[in-house]
Amino acid sequence: MRTVEPFVVRHPIEPRARRAPARETGARAAAVRAVDALPGLLAASSALLAGLGRLALAAWRRHRRIAAGLAQLRELDSRMLHDLGIDRGEIDRVVRSGRDR
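These numbers were taken from a predicted model, which means no experiment stands behind them.

### Points about the overall build of the protein chain
A count of helical and extended segments in the protein chain gives 3 helices and 0 strands. Reading the helices (α) and strands (β) of the protein chain from amino to carboxyl end gives α-α-α. Expressed as a percentage of the 101 residues in the protein chain, the buried residues total 10%. Taken as a whole, the protein chain presents about 9600 Å² of accessible surface, with 60% of it coming from carbon and sulfur.

Take a look at the structure:
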């Protein structure tokens, strides 16, 4: 007697078995790894630049605050400076580091 194999219908959306991609070697593999690492490097470098930008902005603000203080004290006459307890030669030191001698 003849045996009949059952008829199996594959659904068209059924996934097929995937093969693992072959591992690449040499210069091409290094290039692929470098491209794969780019998003992480870009995120790290942008974070570093943002940190440096914040430091530069803080330094610029300090510089402008000192320049404004110097300008204000230099406009005063010697009698006003004496009333404040500052000699004309001490203006830079007082503005940059405070009144302590």
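Picking up after the structure, the text goes on.
### Remarks on the pattern of salt bridges
Within the structure shown, the criterion is met by 2 salt bridges. Where Asp92 meets Arg74, a salt bridge forms, and the shortest distance between an N and an O atom there is 2.9 Å. Note that Asp92 is positioned in helix H3 (residues 91–97) and Arg74 in helix H1 (residues 27–75), a separation of 18 residues in sequence. Here Asp92 falls in the partly exposed class, since its relative accessible area comes to 35%. The partner of Arg93 in a salt bridge is Glu90, and the shortest N-O contact between them spans 3.4 Å.

### Quick look at the nonpolar core
Ranked by size, the top nonpolar core spans 7 residues in total: Ile66, Leu70, Leu73, Leu81, Ile86, Ile91 and Val94. Within the residue set of this core, elements represented by two or more residues are H1 and H3. Ranked by the residues each element gives to this core, the list is headed by H1, at 3 residues. For Ile86, the residues in contact, after removing those within four places along its chain, are Leu73, Leu81, Ile91 and Val94.

### Considerations on the confidence of the model for the protein chain
Taken over all residues, the pLDDT of the protein chain has a mean of 78, while the share at 70 or more is 71%. Mean pLDDT across the elements of the protein chain ranges from a minimum in H1, with 84, to a maximum in helix H2 (residues 78–84), with 93.

### Points about a nonpolar patch on the surface
Taken together, the side chains of Leu48, Leu49, Leu52 and Leu55 present a nonpolar region at the surface, about 440 Å² in accessible area. Inspection of the secondary structure assignment puts Leu55 in helix H1. Take Leu55: its relative accessible area is 60%, and that puts it in the exposed class.

### A look at the environment of Asp77
Considering the arrangement of structural elements, one finds Asp77 in the loop between H1 and H2. Separated by 11 residues in sequence, Asp77 and Arg88 have C-alpha atoms that sit 8.8 Å apart. For Asp77, the side chain forms a polar contact with the main-chain nitrogen of Met80, separated by 3.1 Å.

### Looking at the environment of Arg96
With respect to the element layout, Arg96 can be found in helix H3. A C-alpha to C-alpha distance of 9.5 Å links Arg96 and Ala67, two positions 29 residues apart in sequence. Look past the residues within four positions of Arg96 in its chain and what remains in contact with it is Arg62, Ile66 and Leu70.

What counts and how
- Within each chain, residue numbers correspond to sequence positions counted from 1 in written order.
- Two thresholds apply to this predicted model, a pLDDT of at least 70 for residue-level local features and 80 or more for giving and counting side-chain atom pairs, whereas whole-chain, interface and lining totals are computed over all residues.
- Working from all heavy atoms in the structure, the side-chain values ignore hydrogens and water.
- Secondary structure is summarised from DSSP: a helix means a run of H or I of at least four residues, a strand means a run of E of at least two, and numbering begins at the N terminus for each.
- In this scheme, a residue with accessible area under 20% of its type's maximum is buried, one over 50% is exposed, and one in between is partly exposed, where area comes from a 1.4 Å probe on protein chains only.
- Surface accessibility follows the Shrake-Rupley procedure with a 1.4 Å probe radius. Residue values consider only the protein chains on display as shielding.
- Salt bridge, as applied in this entry: a Lys or Arg side-chain nitrogen positioned within 4 Å of an Asp or Glu carboxyl oxygen.
- We define a nonpolar core as any set of buried Ala, Val, Leu, Ile, Met, Phe, Trp, Tyr and Cys residues linked to one another through side-chain atoms lying within 4.5 Å.
- Contact criterion: two residues are considered in contact whenever any of their non-hydrogen atoms come within 4.5 Å of each other.
- Think of pLDDT as the predictor's per-residue confidence, scored from 0 to 100.
- Grouping into patches uses exposed residues only, defined as over 30% relative accessible area, and leaves out salt-bridged ones; the cut-off is 9 Å for like charges and 5 Å for nonpolar side chains (Val, Leu, Ile, Met, Phe, Trp, Tyr).
- Under this definition, polar contacts are N or O atom pairs within 3.5 Å; protein pairs additionally need one hydrogen-donor-capable and one acceptor-capable atom, and for neighbouring residues in sequence, both atoms have to be side-chain atoms.

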